Amino acid sequence: IDIDTITTYFYHITGSEVASASNANADSYMTRSNTVRASDSSAKQISYYTGTEPGEEQIDWSQEYNYNGTLVKTSTIYTHDAAGALTQSVVYTDSTVRTAKPVGLTLKKSETFYKGSKGNEKADYTNNYKADGTTIDTKTTYFYHIAGNDAATALQANADSYMTKSVTIRASDSSPKQIAYYI
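So, here's what we can say about the structure. (Residues numbered from 1 in each chain as written. Predicted model: local features only at pLDDT ≥ 70, side-chain atom pairs only at ≥ 80, totals over all residues. Heavy atoms only, no water.)

1. Overview of the overall build of the protein chain
Applied cut-off: Under the DSSP-based scheme used, a helix requires at least four consecutive residues in state H or I and a strand at least two consecutive residues in state E, with every element numbered from the N terminus. Exposure classes here rest on a 1.4 Å probe applied to the protein chains alone. A residue is buried below 20% of its type maximum, exposed above 50%, and partly exposed in between. Any pair of residues with heavy atoms lying within 4.5 Å of one another is described as a contacting pair. Only the protein chains shown count as cover for residues, with accessible areas throughout obtained via the Shrake-Rupley method and a probe of 1.4 Å.
Helix and strand content of the protein chain: zero helices and 13 strands. Listing each helix as α and each strand as β along the protein chain from the N terminus yields β-β-β-β-β-β-β-β-β-β-β-β-β. By its C-alpha atoms, the protein chain is 55 × 40 × 40 Å across when sized along the principal axes. Within the protein chain, the fraction of its 183 residues that count as buried is 38%. Summarising the internal contacts of the protein chain: among those between residues at least 6 apart in sequence, 29% fall at separations of at least 24. Roughly 10700 Å² of accessible area belongs to the protein chain as shown, and the carbon and sulfur atoms make up 51% of that amount.

Here is the structure:
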């Protein structure tokens, strides 16, 4: 078995926001996770969570690292609705190592919009941006399986739906760039 990454989870306890699982208790809630590459323990992603009820935490933001874990390359901000469902994730170009949620980032790499209730969210579509961070380069729309339909939209999908296809078009003229099928 080849292990690609290892993720360590950290929890809130009295006096610490980064307690290990072995020090956590029944009232502890997850505050952070660190994902490293198994081959060399280099950083791959650090994620931060909100919510103070154990088991109900939601990802709030994360930073993703370059191929050898030495530089931050992106920060991702996650948005949830009032019921806790993930509605949007925006990936920004960002090279600053952070310990607090970034504000004011402007160079978007991509933004994905989701449909569905908490725990059953499905990606609806993703806008990928040009290097200027403001001009949409491509839009990818995702399709799912439901009974009798292998091209259901994210809004039509249910908890048991799985992705069957994605269609990427160029924003400049709506011409097809790629169609991918998933089995």
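2. A look at the pairing of strand E7 (residues 86-93)
Going by this rule: In this scheme, strands are said to pair when DSSP sees at least two bridges between them.
Counting buried residues along E7, six of its eight residues qualify, which places the element largely inside the surrounding structure. The pairing of strand E6 (residues 72-80) with E7 spans seven bridges and is classified as antiparallel. Along E7, the bridge assignment pairs Ile77 with Val90. Two successive antiparallel strands, E6 and E7, enclose a turn made up of five residues, where Gly84 displays a positive phi of approximately 100 degrees. As defined by bridge partners, E7 adjoins strand E8 (residues 108-115) across five bridges and the pair is classed as antiparallel. Each bridged residue has a counterpart across the sheet, and for Ser89 the counterpart in E8 is Thr112.

3. A closer look at the side chain of Arg37
Under the convention used in this document: Charge assignment in this entry is limited to Lys and Arg as positive and Asp and Glu as negative, and neither His nor the chain termini are counted. Counted as salt bridges are all cases of a side-chain nitrogen of Lys or Arg within 4 Å of a carboxyl oxygen of Asp or Glu. N or O atoms closer than or at 3.5 Å make up a polar contact, with two conditions inside protein: a donor-capable atom paired with an acceptor-capable one, and, for residues adjacent in sequence, both atoms drawn from side chains.
Within the element layout of this structure, Arg37 appears in strand E3 (residues 30-37). Of the side chains bearing the opposite charge, Asp40 lies closest to the buried Arg37, which forms no salt bridge; the N-O distance is 5.5 Å. At a separation of 3.3 Å, a polar atom in the side chain of Arg37 contacts the main-chain carbonyl oxygen of Tyr67.

By themselves these figures say nothing about function.
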